[in-house]
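Residue-level structural notes
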Amino acid sequence: MTATLPAPTLAAAGARRPRVPTSLLPVVATFVLFVVLFAVGSARYENFGSAQVFVNLFVDNAFLIVLAVGMTFVILTGGIDLSVGAVVALSTMVAAKTLQAGLPAALVFVLVLVIGATLGLMNGLIIHHFGVQPFIATLATMFLARGLCFVISVQSVSIEDPTFRAIATGSITLPGDVYLTYSVLVALLVVVVAALVLHKTRFGRTVYAVGGSESSALLMGLAVGRVKVGVYVISGLCSAVAGLLFSFYMLSGYGLHAVGMELDAIAAVVIGGTLLAGGVGYVAGSLLGVLVLGVIQTLISFQGTLSSWWTKIFIGTLLLVFIVVQRAISGRRPASRSTGA
Amino acid sequence: ACGGGGEAAPAGQSGGGGGSDKLTMGFAQVGAESGWRTANTKSIQESASSAGVDLKFSDAQQKQENQIKAIRTYIQQKVDVIAFSPVVETGWDTVLLEAKRANIPVILTDRSVDSTDTTLYKTFLGSDFVAEGKKAGDWLVKDSEGKSEVDVAELQGTTGAAPAIDRKEGFAEAIKAAPQIKVVASQTGDFTRSGGKQVMEAFLKSNPDIDVVYAHNDDMALGAIEAIEAAGKKPGKDIEIISVDAVKDGMTALSEGKINYIVECNPLLGPQLMDLAKKVKAGEEVPQRVVTEETTFTQDEAKKALPDRKY
Amino acid sequence: MTSANPSSTPAGPAAEPAVEPVVEMHGIHMDFPGVKALDDVSLRLFPGEVHAVMGENGAGKSTLIKVLTGVYRATAGTTTFDGRAVRFAGPGAAQDAGISTVYQEVNLAPNLSVAENILLGREPRRLGTIDGRAMRAAARVHLDRIGLRLDPASTLGEHPIAVQQLVAIARAVAVDAKVLILDEPTSSLDAEEVAELFRIMRVLRDDGVAILFVSHFLEQVYEISDRMTVLRNGRLVGEHRTAELSRLDLLSAMLGRELTTLEEVGRLAEQAAEQAGGTPVLEARGLGRRGALAPFDLKVAAGEVVGLAGLLGSGRTELVRLLFGADRPDSGTLLVNGRPVSLRSPRAPIAAGVAFCSEDRKGEGILADLSIRDNLVLAVQARRGWARPVPRRTKDELVERYMRMLDIRPNDPDALVGNLSGGNQQKVMLARWLATDPSVLILDEPTRGIDVGAKAQIQKVVAELARDGMAVVYISAELEEVTRLSNRVVVLKDRVKIAELTEPSVDDIMHLIAQHDPEPRLEAAS
Amino acid sequence: MTSPDLPAPVERPAGASLGARVRGSRLVWPALALLLLLVGNTIASPSFLGVRLQDGHLYGSLVDILKNGAPIALIALGMTLVIATRGIDLSVGAVVAIAAAVTCTWIAGSPDPTSASAALTGMAVAIALCLVLGLWNGLLVSVLGIQPIIATLVLMTAGRGIAMLITDGQIITVNNESFSFVGSGFLLFPVAILLALVVFVVVALLSRRTALGLLVESVGINPEASRLAGLRSRTIIWTVYVFSAFCAGLAGLMISANVNAADANNAGLFIEMDAILAVVIGGTSLAGGRYSLVGTLLGALTIQTLTTTVYTVGIAPEVTLVFKAVVVIAVFLLQSARVRAAFARLGRRGGPTRPVPRTAPARPVAARPRPAERVSPS
Ligand SMILES: Nc1ncnc2c1ncn2[C@@H]1O[C@H](COP(=O)(O)OP(=O)(O)OP(=O)(O)O)[C@@H](O)[C@H]1O
Ligand SMILES: Nc1ncnc2c1ncn2[C@@H]1O[C@H](COP(=O)(O)OP(=O)(O)OP(=O)(O)O)[C@@H](O)[C@H]1O
Ligand SMILES: O[C@@H]1[C@@H](O)[C@H](O)OC[C@H]1O
Ligand SMILES: [Mg+2]
Ligand SMILES: [Mg+2]
């Protein structure tokens, strides 16, 4: 007879697992809270509970969604990327300037993507090969990218290119007279592709493994270096895509665009249930995180009576309520056995 | 393209806003990045309530995209008029087009947009930053007549901000007239007192012969005054100071002789804005451009004006 | 100075199979800052053999493995693999070349599923994407192969360390490797699992795989290995055929001295038993925690050693964590010296004189970036509070006393604990608690991954402490160890305390556990 | 739980020569960076190092660096301890603004706005409030177990709003000599830097003469192990956030006193980034654990010198950020073990090379024992 582990262990292990994986709980919590916030808005304000208001969350935050997706990759490995906002600004600036100089839109897209990926690659190499901490390496890149904007031009530069404008102002009308922009489609596509990459490719699974324990991943013989550099390239690329979407949104390039947007992206990712320590999280959560931030902002606009300072206090308070409630819903589940109670 | 508009209630005379004749205005403020901006906001809020305008106000926390989002929600809320201060000229076409489609008239305050399509907004009420810089330069040119060499240190506003760019440009243009005036050092002080002070401290060490300070706003000038005093010099005498804004603290310093000249940049746009809004709603014609009434102050003028300054 | 040791059988042609070695390491030196971990070490690994690398804690076994697989770059020396000189760029490269390794301590991704941990890096793919179903199926096959019935979709981190260790083994044997390296794979396993592992190792060996095996269990080494290489203090002592080297010779080769400690342990335990009794120092009444452990009673008197026995996952760790307030119980009370103690956090139990060494040394025990000195005084310091630092003199005395008592190596109080070998880390943890002069000492697997010498030494220390009046609760996967030391043994099964036996034999315990099972599974390993 | 047995950073090469010891110390690199900047400045403007006595106090660029660097240094000190416990405090900038707002509003509103007593009570009230804010952050992190970056983001956002609420969005100007003294006063040396030094010395004494340093590092290295060793991890974490807020509050007083005004919008804006940068330049890892106060001090001075350099050398505002980025990257590459190893190899070509373990040189953040939230038992 083949000796086996005593049955109880297995039964116990099986029975203990909750139906929803513990790592998904925060995502569910975020979703519930989003619905609640939206319902509160609909109940309180006229015209809030409309399809268009909901769709506008995507229209107005398409770039942030893409940014948060890139950030999710980085954070899953236990890193962080502070340069994303600045890369968005640089992308808008490069796009605006090169379009002004007469480059065809298609070439501009490529150029912007290449620049974004290159800056990401630079981050990745500095972090992985020189052991510089991600927070700092990307902070330096943030200075650099923003600095380059100003080197290109201090002024804001308008985008007049017809192709660009057509894409930017074009919209798709859904039944019920709800319209959305092409950017929304791009953002959703990015989310889907990212989810596939994370869950269905070797690269994606290695991202999680590295976040779970980098040294273990290394000893497991996984391509840790490639993944660590890779996530920053992805984040750089996402920043460039977000930068293009932002250019559509603003139709201008400007060195002061997207100031502090990195914090919005990080907040969205964390609100979406991803652990900053790495290894746990989902892009779907990050998408929900962006929507939550968007709803908060929409609530404030509809309220329409908040002074500048009460706006800040209100955002802070909602953020707090949100985190605490999320914490309560998803509980302090031990992620691993020794996380003990 | 968007097939909307067909159903949108005409936001004209009769107004969709639930029977009452009260005018609803959505105002998208940039932020509260300076005392100037706060005074601007206050003026708009106060004059709205005294003019019986139902004001929906939102603060974009210095982010243009937030401003755009706010304008979108105003469109959703079907307000009667939308007003906002676009600190950046560019990037407004899409959202303004949406407003136009929804038949909501738009008024720009403080700063214009660069759109070639002038039908996107009804009117623009605000100051001309380039002109402000010019006024400052003109005064210096006159003041420097007969002097052989005038070394100027420039304290710029936030890098990339429109008032900083324009005030620099206007000033540079004006001083072309006097070759003896040279800008020997120019650095950003971020429109803040701390920034002005730190930069000035460094300037005083690297360029000991500075004759004039040109600050893009009063706050930086006030910071510079402290640095000059700490270096054992007399602001306004050993080193002349020119600045822009004419906020109360600036005017006080001017009247005390620590600043030599201030170009006003008036934040109190509220009353004029409400006026324009009512006219627009009533379907009256309004001029495409309304310049705020602004002046300049010398030390003597400051002493006279100071008691009645509101901000 | 160099390789050969005159007293051991010289590694001659006699010890050598008639084939070329698949791995040959020669003249390996490895220096860490301040430590010479390997000093002119050689190793030959032949196809179709199980080769044990033996040595005390810190002898350099793991380091040698890491040099071989490219984790470290040797300071000097050559390695040939399959006849070619190699220097692997990293574990990945070694793996690609055909060397499959289970490193000491579990090195897996706790946040991923069991299936992923087994197949990460070589997942079955369809259209370029991972085929989840095929992967789980493949994982189940690999798990079955080592006799582990486990849901492949479950998260690895939810399973106890022993299961994780088995998963790591499953991962390593899932590939067709030329060389399989197992660095202490059995430290958490029970007899059955070890038997299962050995069965697989034999199959692989017969297929011509070269297996490098490290273990501190002499029985296991003698059972499975064909040849062995012995290290001492980073130097090569000799290479031998297992059959030709007696246990005593092996021990003296490893230790460079005679071993008598274990006999002493028995004697000491008896002395302690005579003195034990009287009022309990520690008394648990109805202590329990839903989902973890059914309420139980337990009394431990001064001078008494109470052992906990049970199968993997039976709830031993849970029990002691409740006693210490590491987890909060939801029923019952704990009395220490007759007074109830709050179990909201470990602080009250500690203040009352309870000490606890966790089985998870790295996760819950040591502070890797701090020195031996700092690690050692930590619990004492915590008890005094921040404002009253342990005076330098006292610190030095404590450090001096316990480093000597437990023979902690290297003998440098400023060495970072993260750089110590596993056994020495364990000793530092023990020292940390002994320094608080506790009246109750709870040890969860204190001898896991520890060499024979140190193991005996720790047991001896425990026995001595009991003799001197300390109450001890002792967990070990090795029942011999438990029975040798304990006056009483508490038996757990399925997270319920099922019995308390006085001076039982190993057989008694095994039978008891087996009886409680409808179909007994415990059979002696063949 | 599956934690690495990778080599840890070399702390103390036992028995190494003095030269090697100096090269191995983590203070060398920040010190070198600072030195290089000073040299660069002196080349660009020879009078840079000049210090003279004026009106009974020292005057010169170096003095400016000390004075203007004091707030960053102070905040970075608080940040160092927070980072040592694996945390981060993004709210310091907002706390600066609140401290400034409270003090100036208090002084301006008191019966005699020029009196020393108004200044003193105003400052006391502000600091007290900051301690409350620190308690708040600590509560979120250590009791509710919220990730520090998000927990402190709440106050970062709302705090500036609170400051603006207090000042009604206006810049509050005060005219009070006792208050000015804190920011721009001199006792031969700038009072600000003296205050920062006092705090530095107190913290240094506390962390080395009491057990605080050990306890903070333990909690940062392995919270669960610390808890099981009987440490009050929660209290310790709580305390460092309170201390950080205290430092930020004091820095807020300096910043506002320096210009005799409270600017709720701009006071302390983005200072958290400077402070974090200072801590890291000083050799403390964001992954928590071992920290260096002296390193932080050097880091803060390096950053301030960089800023002053920009003004002194006359770098155009448009390229300022690029310049800063290049310097920061250069400093960190210098510190990188790999680059150092390359230098070392160049230095003694032919000699026996030092073994560089093939694994990542710096202990990666992710390589910590995993469960990061075990600090607080439920
Ligand atoms: N956090 C957890 N999540 C899931 N299962 C858990 C967790 N903690 C404990 N268990 C399960 O509880 C049971 C008892 O575990 P415990 O660690 O007490 O057993 P043990 O007898 O000490 O075994 P070991 O030999 O592993 O130390 C095991 O089946 C284990 O899988
Ligand atoms: N990364 C490192 N840095 C410094 N010293 C190290 C490092 N790794 C190992 N050492 C030292 O090298 C020596 C050999 O350690 P190694 O881990 O190889 O021992 P081992 O034989 O595997 O012991 P154990 O049986 O306890 O696992 C020890 O003295 C250890 O302290
Ligand atoms: O000077 C003013 C400046 O302080 C503010 O930030 O923007 C508008 C300007 O007029
Ligand atoms: Mg080992
Ligand atoms: Mg156990």
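Residues numbered from 1 in each chain as written. Chains lettered and ligands numbered in written order. Predicted model: local features only at pLDDT ≥ 70, side-chain atom pairs only at ≥ 80, totals over all residues. Heavy atoms only, no water.

Some remarks on the overall build of chain A
Along its length, chain A carries 14 helices and 4 strands. The C-alpha atoms of chain A give 21 Å as radius of gyration, which agrees with the globular expectation for 341 residues (20 Å, within 12%). Residue burial in chain A is summarised as follows: out of 341 residues, 65% are buried. The contacts in chain A between residues at least 6 apart in sequence include a share of 76% that link residues at least 24 apart. Accessible area for chain A stands at about 10,700 Å²; split by element, carbon and sulfur atoms hold 72% of it. The positive charge centre, built from 17 side chains, and the negative charge centre, built from 9, are 21 Å apart in chain A. (Helix = DSSP H or I, 4+ residues; strand = E, 2+ residues; numbered from the N terminus. Rg over C-alpha atoms; globule rule 2.2 N^0.38 Å. Buried < 20%, exposed > 50% of the residue type's maximum accessible area, 1.4 Å probe, protein only. Contact = heavy atoms within 4.5 Å. Areas by Shrake-Rupley, 256 points an atom, 1.4 Å probe, with all protein chains shown as cover. Lys, Arg positive; Asp, Glu negative; His and termini not counted. Charge placed at Lys NZ, Arg CZ, Asp CG, Glu CD.)

Quick word on the overall build of chain D
Along the backbone of chain D there are 15 helices and 6 strands. Within the span of chain D, comprising 378 residues, buried residues form 62% of the whole. For chain D, the share of sequence-separated contacts (at least 6 apart) that also reach a separation of at least 24 residues comes to 78%. Looking at chain D as shown, the accessible area adds up to about 13,000 Å², and 69% of this sits on carbon and sulfur atoms.

Here's the deal with the coordination of the magnesium ion (ligand 4)
All names here are of chain C. Protein ligation of the magnesium ion (ligand 4) involves Ser62 (OG) and Gln104 (OE1), the donor distances falling in the range 1.9 to 2.0 Å. Separated by 42 residues along the polypeptide, Ser62 in helix H1 (residues 61-68) and Gln104 in the loop between strand S6 (99-102) and helix H3 (114-119) bring together distant segments of the chain. In this pair, the class of Ser62 matches that of Gln104, namely buried. (Donors = N, O, S within 2.8 Å, 3.2 Å for Na, K, Ca; no water.)

Thoughts on the site of ligand 3
All names here are of chain B. What surrounds ligand 3 is the set Glu33, Ser34, Trp36, Arg167, Asn217, Asp245 and Cys265. Within the side chain of Arg167, a nitrogen or oxygen atom sits 2.6 Å from an oxygen atom of ligand 3. Here an oxygen atom of ligand 3 sits 3.1 Å away from a polar atom, N or O, in the side chain of Asn217. Relative to its free-state accessible area of 270 Å², ligand 3 is covered by the protein chains to the extent of 97%. A class-by-class count of the residues in the shell around ligand 3 yields 2 nonpolar, 2 polar and 3 charged. (Near = heavy atom within 4 Å. Polar contact = N/O pair within 3.5 Å; in protein donor to acceptor, adjacent residues only side chain to side chain. Nonpolar A, V, L, I, M, F, W, Y, C, P; charged D, E, K, R; others polar.)

Regarding the coordination of the magnesium ion (ligand 5)
Residues and elements named next belong to chain C. Within the first shell, the magnesium ion (ligand 5) binds the protein through Thr317 (OG1) and Glu359 (OE), at distances of 1.7 to 2.7 Å. Here Glu359 lies in the loop between strand S18 (354-357) and helix H12 (361-365) and Thr317 lies in helix H10 (residues 316-324), a separation of 42 residues in the sequence. Look at Glu359 and you get buried, because its relative accessible area is 13%.

Some thoughts on the packing of aromatic side chains
Residues and elements named next belong to chain A. Tallied over the entire structure, the rule returns 23 aromatic pairs over all chains. Here the aromatic rings of Phe164 and Phe248 are separated by 4.9 Å at their centres, their planes lie at 50°, and the arrangement is tilted. One end of the pair, Phe164, is in helix H7 (residues 162-169); the other, Phe248, is in helix H11 (residues 224-250), and 84 residues separate them in sequence. Of the two residues, Phe164 and Phe248, neither departs from the other in class, the shared state being buried. Here the basic side chain of Arg205 rests over the ring of Tyr208, its NZ or CZ set 4.6 Å away from the ring centre. (Phe/Tyr/Trp six-rings, centres within 6.5 Å; stacked < 30°, edge-to-face > 60°. Lys NZ or Arg CZ within 6 Å of the ring centre and 35° of its normal.)

Some words on the packing of helix H13 (residues 372-384) of chain C against helix H9 (residues 212-221) of chain D
The geometry of H13(C) relative to H9(D) is characterised by a closest axis approach of 11 Å and an angle of 105° between their N-to-C directions. Judged by the angle between their axes, H13(C) and H9(D) are roughly perpendicular. The segment H13(C) lies against H9(D), with Asp374(C), Val377(C), Leu378(C) and Gln381(C) engaging Leu214(D), Leu215(D) and Ser218(D). Looking at the contact of H13(C) with H9(D), its residues break down into 4 nonpolar, 2 polar and 1 charged. (Axes fitted to C-alpha atoms, helices over the stretch in contact; angles between N-to-C directions. Parallel < 35°, antiparallel > 145°, perpendicular 65-115°, else oblique.)

Looking at the sheet that holds strand S13 (residues 280-289) of chain C
Residues and elements named next belong to chain C. Here 4 strands make up an open sheet; going across it, the order is S14-S13-S16-S17 and the pairing antiparallel. Of all strands in the sheet, those with a lone pairing partner are strand S14 (293-301) and strand S17 (339-341), marking the two edges. The mean inter-strand angle of the sheet, taken between neighbouring strand axes irrespective of direction, is 20°. H10 contacts S13, S14 and strand S16 (331-336) of the sheet and is inclined by roughly 65° relative to S14. (Pairing = 2+ DSSP bridges.)

Section: a positive patch on the surface
A cluster of basic residues, Lys200(A), Arg133(C), Arg136(C) and Arg140(C), forms a positive patch on the protein surface. No other element matches the 3 residues that helix H4 (residues 132-145) of chain C contributes to the positive patch. Locating Arg140(C) in the fold gives a position in helix H4. (Patch = residues over 30% accessible without salt bridge, like charges linked within 9 Å, V, L, I, M, F, W, Y side chains within 5 Å. Salt bridge = Lys/Arg side-chain N within 4 Å of Asp/Glu carboxyl O.)

A few points about the sheet that holds strand S21 (residues 488-493) of chain C
All names here are of chain C. On the basis of which strands lie adjacent, the open sheet formed by 6 strands has the order S18-S19-S20-S15-S21-S22 and mixed pairing. Of all the strands in the sheet, just S18 and strand S22 (496-502) have a single pairing partner and so form its edges. Neighbour-to-neighbour, the strand axes of this sheet turn through a mean angle of 15°, independent of strand direction. As paired strands, strand S19 (residues 440-444) and strand S20 (residues 471-475) are joined by 5 bridges and run parallel to one another. Note that in S20 the partner of Val440 across the bridge is Ala471. In the packing of helix H16 (residues 452-467) onto the sheet, contacts are made with strand S15 (305-310), S19 and S20, and the angle to S20 comes to roughly 150°.

Some words on the pattern of salt bridges
Within this structure, the stated rule accounts for 57 salt bridges over all chains. Residue Arg165(A) pairs with Glu160(A) through a salt bridge whose shortest N-O separation is 3.6 Å. For Glu160(A), a relative accessible area of 46% puts it in the partly exposed group. Here Arg290(D) ties to Glu217(D) by a salt bridge, and the two come within 3.6 Å at their closest N and O atoms. Residue Arg290(D) is found in the loop between helix H12 (271-281) and helix H13 (293-313), and its partner Glu217(D) is found in helix H9; the two are separated by 73 residues along the sequence.

A word on the UniProt feature "transmembrane region" (unreviewed entry) in chain A
Residue and element names in this part refer to chain A. The UniProt entry lists residues 20-41, 62-89, 101-122, 134-159, 179-199, 231-251, 263-296 and 308-329 under the feature "transmembrane region" (unreviewed entry), expressed in the numbering used here. For residues 62-89, the helix share is 75%, the strand share is 0%, and the end-to-end C-alpha distance is 15 Å. Helix makes up 86% of residues 179-199 and strand 14%, whereas the separation of the span's terminal C-alpha atoms amounts to 31 Å. (UniProt positions renumbered as here; feature names shortened; annotations may be inferred.)

Observations regarding the environment of Pro271(B)
Along the chain, the position of Pro271(B) falls in helix H9 (residues 270-281). Residue contacts for Pro271(B): discarding those within four places in its chain leaves Ser43(B) and Ser47(B).

Some words on the nonpolar core
Among the nonpolar cores identified, the biggest contains 381 residues, and Ile82(B), Leu323(C) and Leu441(C) are the most heavily contacted of them. In terms of residue count, helix H3 (residues 51-76) of chain A provides more of this core than any other element does, 18 residues in total. Setting aside anything within four residues of it in sequence, one finds Leu441(C) in contact with Ala355(C), Leu430(C), Trp433(C), Leu434(C), Leu465(C), Met470(C), Ala471(C), Val472(C) and Val473(C). Counting 38 residues, the second largest nonpolar core, distinct from the first, contains Ala153(B), Phe191(B), Ile241(B) and Leu306(B). (Core = buried A, V, L, I, M, F, W, Y, C linked by side-chain atoms within 4.5 Å.)

Some thoughts on a nonpolar patch on the surface
Residue and element names in this part refer to chain A. Taken together, the side chains of Val28, Phe31, Val32, Val35, Val36, Val40, Val321, Val325 and Ile329 define a hydrophobic patch exposed on the protein surface, amounting to about 660 Å² of accessible area. Elements represented by at least two residues in the nonpolar patch include exactly helix H2 (25-44) and helix H14 (308-330). The element contributing the most residues to the nonpolar patch is H2, with 6 residues. Along the polypeptide, Phe31 turns up in helix H2.

With respect to the site of ligand 2
Close to ligand 2 lie 21 residues, the nearest being Asn57(C), Gly58(C), Ser62(C), Thr63(C) and Asn419(C). Near ligand 2, residues from chains C and D are present, making the site a shared one. The separation between an oxygen atom of ligand 2 and a polar main-chain atom of Gly58(C) is 2.8 Å. Between His216(C) and ligand 2, the recorded distance is 2.9 Å, taken from a side-chain N or O atom to an oxygen atom.

With respect to the environment of Val112(A)
All names here are of chain A. Along the chain, Val112 turns up in helix H5 (residues 105-130). Between the alpha carbons of Val112 and Val36 there is a distance of 39 Å; along the sequence they are 76 residues apart. In contact with Val112, other than residues within four places in its own chain, are Ser91, Val94, Ala95, Ala240 and Leu244.

Brief notes about the interface of chain D and chain B
Counting from both sides, the interface comprises 32 residues of chain D and, opposite them, 29 residues of chain B. Here chain D meets chain B over a buried area of about 2,500 Å², counting both sides, of which 44% is carbon and sulfur. Looking only at chain D, the three residues that lose the most surface to chain B are Val259(D), Tyr311(D) and Pro317(D), adding up to 26% of its buried area. The interface formed by chain D and chain B includes 3 salt bridges. Among the ionic pairs, Asp64(D) bridges to Lys205(B), the shortest N-O distance being 2.4 Å. Summed over the shared surface of chain D and chain B, the result is 14 residue pairs in polar contact (both at pLDDT 80 or more). Of all the elements in the fold, those that place two or more residues in the side of chain D that touches chain B are strand S2 (57-59), helix H3 (61-84), strand S3 (171-173), helix H11 (233-259), strand S6 (261-263), H13 and helix H14 (317-335) of chain D. For the side of chain D that touches chain B, the leading source of residues is H13(D), giving 5 residues. Taken together, the residues of the side of chain D that touches chain B break down into 10 nonpolar, 18 polar and 4 charged. (Buried area = accessible area lost by both parts, 1.4 Å probe.)

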